[in-house]
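Chains, contacts and geometry: an overview
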Amino acid sequence: MSEAFPNDQLEAVARTIAELREADAVRLTQFKVELLGRKNGRLTQILRSLSTLPPDERRAVGQRANQLKREVEEAIAAREKELHTGAKSGVAADLSMPGRQVWRGAIHPVTAVIDEICEIFRELGFSRVTGPEVETEEYNFTKLNIPLDHPAADMQDTFYLSPGVLLRTHTSPVQARTMERYKPPIRIVVPGMVYRRDAFDASHSPVFAQIEGLAVDEGITFVEFKAALDYFAKRFFSPDTTVRFRPSYFPFTEPSAEVEVQCQMCKGGGCATCQYTGFLEIMGAGMVHPAVLENCGIDPERYSGYAFGMGPERITMLRYGIPDIRMLFENDMRFLQQFAE
Ligand code: DAH
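All values derive from a computational prediction rather than experimental measurement. (Residues numbered from 1 in each chain as written. Predicted model: local features only at pLDDT ≥ 70, side-chain atom pairs only at ≥ 80, totals over all residues. Heavy atoms only, no water.)

**Concerning the overall build of the chain**
What the chain contains, in helices and strands, is twelve helices and ten strands. What you see for the chain is a C-alpha radius of gyration of 37 Å, clearly larger than the 20 Å of a compact globule of 341 residues, by over 25%. If you line up the chain on its principal axes, its C-alpha atoms span 120 × 45 × 40 Å. By residue count, 41% of the 341 residues in the chain fall in the buried class. If you sum the accessible surface of the chain, you get close to 18,900 Å²; carbon and sulfur atoms cover 52% of it. Side-chain charges of the chain comprise 39 positive and 47 negative groups, with the mean position of each set lying 10 Å from the other. (Helix = DSSP H or I, 4+ residues; strand = E, 2+ residues; numbered from the N terminus. Rg over C-alpha atoms; globule rule 2.2 N^0.38 Å. Buried < 20%, exposed > 50% of the residue type's maximum accessible area, 1.4 Å probe, protein only. Areas by Shrake-Rupley, 256 points an atom, 1.4 Å probe, with all protein chains shown as cover. Lys, Arg positive; Asp, Glu negative; His and termini not counted. Charge placed at Lys NZ, Arg CZ, Asp CG, Glu CD.)

**Remarks on the pattern of salt bridges**
The tally for this structure, following the rule as stated, stands at 19 salt bridges. The closest approach of N and O atoms between Arg-334 and Asp-332, which form a salt bridge, is 2.7 Å. Judged by its relative accessible area of 68%, Arg-334 is exposed. With a relative accessible area of 26%, Asp-332 lands in the partly exposed category. The structure contains a network of salt bridges with shared partners spanning Glu-138, Lys-143 and Glu-180. (Salt bridge = Lys/Arg side-chain N within 4 Å of Asp/Glu carboxyl O.)

**Some words on the domain arrangement of the chain**
According to the domain assignment, the chain consists of domain 1 (4–90) and domain 2 (109–339). Each of domain 1 and domain 2 was reduced to a C-alpha centroid, and the two centroids are 74 Å apart. (Domains from an automatic or database assignment.)

**A short note on the site of the ligand**
Contacts to the ligand come from 15 residues, most closely from His-170, Ser-172, Arg-196, Gln-210 and Glu-212. Within the contact set of the ligand, an oxygen atom lies 2.9 Å away from a side-chain nitrogen or oxygen of Gln-210. Within the contact set of the ligand, an oxygen atom lies 3.3 Å away from a backbone nitrogen or oxygen of Phe-308. Protein chains shield 89% of the accessible area of the ligand, which is 350 Å² for the free molecule. Residues belonging to the shell around the ligand are distributed by class as follows: five nonpolar, eight polar and two charged. (Near = heavy atom within 4 Å. Polar contact = N/O pair within 3.5 Å; in protein donor to acceptor, adjacent residues only side chain to side chain. Nonpolar A, V, L, I, M, F, W, Y, C, P; charged D, E, K, R; others polar.)

**Considerations on the pairing of strand β5 (residues 186–195)**
When you tally the buried positions in β5, you get eight out of ten residues, the bulk of the element. In the sheet, β5 pairs with strand β6 (residues 207–218) via ten bridges, with the strands oriented antiparallel. Note that in β6 the partner of Ile-188 across the bridge is Leu-214. (Pairing = 2+ DSSP bridges.)

**A closer look at the environment of Leu-161**
Mapped onto the elements, Leu-161 comes out in strand β3 (residues 160–162). Not counting residues within four places of it along the chain, the set of residues in contact with Leu-161 comprises Val-134, Leu-166 and Leu-167. (Contact = heavy atoms within 4.5 Å.)

**Considerations on the packing of helix α2 (residues 25–36) against helix α4 (residues 55–85)**
In the contact formed by α2 and α4, the axes pass within 11 Å of each other and the chain directions differ by 165 degrees. Classified by the angle their axes make, α2 and α4 are roughly antiparallel. For the element pair α2 and α4, the recorded crossing hand is left-handed. Residues Ala-25, Leu-28, Lys-32, Leu-35 and Leu-36 of α2 form the contact with α4, whose own contacting residues are Lys-69, Val-72, Glu-73, Ile-76, Arg-79, Glu-80 and Leu-83. Residue classes in the contact of α2 with α4 are distributed as seven nonpolar, no polar and five charged. (Axes fitted to C-alpha atoms, helices over the stretch in contact; angles between N-to-C directions. Parallel < 35°, antiparallel > 145°, perpendicular 65-115°, else oblique. Left-handed = near helix turned anticlockwise from the far one by under 90°.)

**Regarding the sheet that holds strand β7 (residues 243–250)**
Pairing is mixed in the open sheet, where seven strands are placed in the order β1-β5-β6-β10-β9-β8-β7. Only two strands of the sheet have a single neighbouring strand rather than two, namely β1 (127–128) and β7. Inspection of the sheet shows β1 paired to β5 by two bridges, in the parallel sense. From the neighbouring strand, Arg-128 faces β5, where its bridge partner is Val-189. Across the sheet, helix α5 (residues 109–123) touches β1, β5, β6 and β10 (303–310), and the angle it forms with β5 is around 165 degrees.

**Regarding the side chain of Thr-316**
Mapping Thr-316 onto the fold places it in helix α10 (residues 312–320). Note on Thr-316: relative accessible area 0%, which makes it buried. Here the side chain of Thr-316 touches Pro-312 through a polar contact of 2.6 Å, landing on its backbone oxygen. Residue contacts for Thr-316: discarding those within four places in its chain leaves Pro-109, Val-110, Val-113, Ile-322 and Leu-328.

**Comments concerning the sheet that holds β3**
The three strands are arranged β2-β4-β3 in an open sheet whose pairing can be described as antiparallel. Of all the strands in the sheet, just β2 (134–136) and β3 have a single pairing partner and so form its edges. The sheet shows a mean angle of 40 degrees between the axes of neighbouring strands, direction not considered.

**What to know about the side chain of Ser-172**
Inspection of the secondary structure assignment puts Ser-172 in the loop between β4 (165–167) and α7 (173–181). The contacts of Ser-172, once residues within four sequence positions are left out, are Leu-144, Glu-212 and Phe-252.

In structure tokens, the structure reads:
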């Protein structure tokens, strides 16, 4: 009776093939081991014991075993493919399938840049403060030494909500609010949104962010002003970044400067981004105008200070080589995901 033994075993294996074709991923892995496992696989063992069989039987059993082995291998491969592609509907869940990636959200690149800038100034002793987006003409213009007949105060450029009330066109009014409320020494940075009646194109947006800075104390000189902004630029961009101050004009500072850093794209060599100047403007700045100190109840004979204002969208664009400001407002996930951790 022992002759029938391998044949019985082979037919038992043959019957499992039908079951194998319906197996889920876990069961399929078990089948592989049970049938083809190198040590104890049922087919493996039969093939290994061929030499113990009488020669005439050896041939038949060997042929059948090898044929079954091919069938099993093919059935396993086919089932694996099916489970992988989910080709057959109604099959059990494939527990070996990796989990789906879940988008957990991330900090917007402009927000990240604002936080980073405020953090650098925090190291220099600046506190982060905010102010209202709906402002009065008085804070947005008059206290900052901007006369109401100045073009900036024009209806063409400013969103007026009612006579004398508007959406702030810059974060500078928070300078005045802070100086009125606190005694020097004052060192603040003010991130926030501002509004202008501008087009929405590659380089303009009617709403954008600004970060205002203000330092007021006894004995603040132009030297401290330059040193602080130079330190900032080197920390934010890179330690070997060159910074230059170009004379400019703002009603609320005297003297005024435009602060420029070496172009991050060409490292100063000249390219389309910096219009072949090797430098990029990153902020307006200057020594606080004595009239502004006085308007806010601070004695300009005793105190002096510096102020600056920068655009985080522009700085984000310069840092990452983003060609169009609208990309920062569209919230296209394909764009934003590039900045996720
Ligand atoms: N308020 C200016 C603007 O919106 C930016 C600015 C320039 C702010 C010079 C300042 C400054 O504090 O000193 O364009």
